[in-house]
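As a plain string of letters, each chain reads:
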Amino acid sequence: MKREKIMLRTINDVKAFVNAVTKYNFDVDLLSGRYAVDAKSIMGIFSLDLSKEITMEIHSEDCADFLNDIKPFIVK
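Residues numbered from 1 in each chain as written. Predicted model: local features only at pLDDT ≥ 70, side-chain atom pairs only at ≥ 80, totals over all residues. Heavy atoms only, no water.

**Student:** I'm lost on the pattern of salt bridges in this one. Help?
**Tutor:** Pairing is possible between side chains of opposite charge, provided their charged atoms come close. A complete count under the given rule lists 4 salt bridges for this structure. The partner of Lys23 in a salt bridge is Asp69, and the shortest N-O contact between them spans 3.6 Å. Taken together, the positions of Lys23 in the loop between α1 (11-21) and β2 (28-32) and Asp69 in helix α3 (residues 64-69) put the pair 46 residues apart, joining distant regions of the chain. What makes Lys23 exposed here is its relative accessible area of 59%. (Salt bridge = Lys/Arg side-chain N within 4 Å of Asp/Glu carboxyl O. Helix = DSSP H or I, 4+ residues; strand = E, 2+ residues; numbered from the N terminus. Buried < 20%, exposed > 50% of the residue type's maximum accessible area, 1.4 Å probe, protein only.)

Okay, here's the thing in structure tokens:
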């Protein structure tokens, strides 16, 4: 499992992020406070506080292509 911090600032960011995640067959979860949602769920993502950084858990070791696809959302 790999963890990264991301920011989704706009509705278009959320749509682009979900489109990227759905291309991959491994699970990705988003964690904010005590809430965890499936990263492939637009409604789930909108239930989080998007004004703060979100922790992303990738349940795969082979995720380099995915991380490259979502690079604009990763907080450095």
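**Student:** Hey, could you run me through the confidence of the model for the protein in this one?
**Tutor:** Note: predicted coordinates in regions of low pLDDT should not be interpreted at a detailed level. Looking at the protein, pLDDT values average 96 and 100% of them are 70 or higher. For the protein, the element scoring lowest by mean pLDDT is strand β3 (residues 35-38), at 96; strand β4 (residues 54-58) scores highest, at 98. (pLDDT = per-residue confidence, 0-100.)

**Student:** Any chance you could explain the environment of Ser60 here in plain terms?
**Tutor:** Residue placement: Ser60 occurs in the loop between β4 and α3. Ser60 gets classed as buried once you look at its relative accessible area, which sits at 16%. Along the sequence, Ser60 and Leu8 sit 52 residues apart, while their C-alpha atoms lie 22 Å from each other.

**Student:** Is there a simple way to explain the packing of aromatic side chains in this structure?
**Tutor:** Two measures describe an aromatic ring pair: the distance that separates the ring centres and the angle between the ring planes. Across all of its chains, the model carries 4 aromatic pairs by this definition. Pairing Phe17 with Phe73 gives two aromatic rings, centres 6.0 Å apart and planes at 85°, and the pair type is edge-to-face. In this pair, Phe17 sits in helix α1 while Phe73 sits in the segment after α3, placing the two residues 56 residues apart along the sequence. (Phe/Tyr/Trp six-rings, centres within 6.5 Å; stacked < 30°, edge-to-face > 60°.)

**Student:** Looking at this structure, I do not really get α1. What am I missing?
**Tutor:** Three or four residues apart is the spacing at which side chains of an α-helix point the same way, because the helix has 3.6 residues per turn. Burial in α1 covers these residues: Val14, Phe17, Val18, Ala20 and Val21. Burial along α1 is one-sided: seen end-on, the buried residues are contained in an arc of 160°. Projecting away from the buried face of α1 at angles above 90 degrees are the exposed residues Ile11, Asn12 and Asn19. Turning to α1, the residues buried within the fold contact β1 (2-6), β2, α2 (42-46), β4 and α3. (Arc of directions from axis to C-beta. Contact = heavy atoms within 4.5 Å.)

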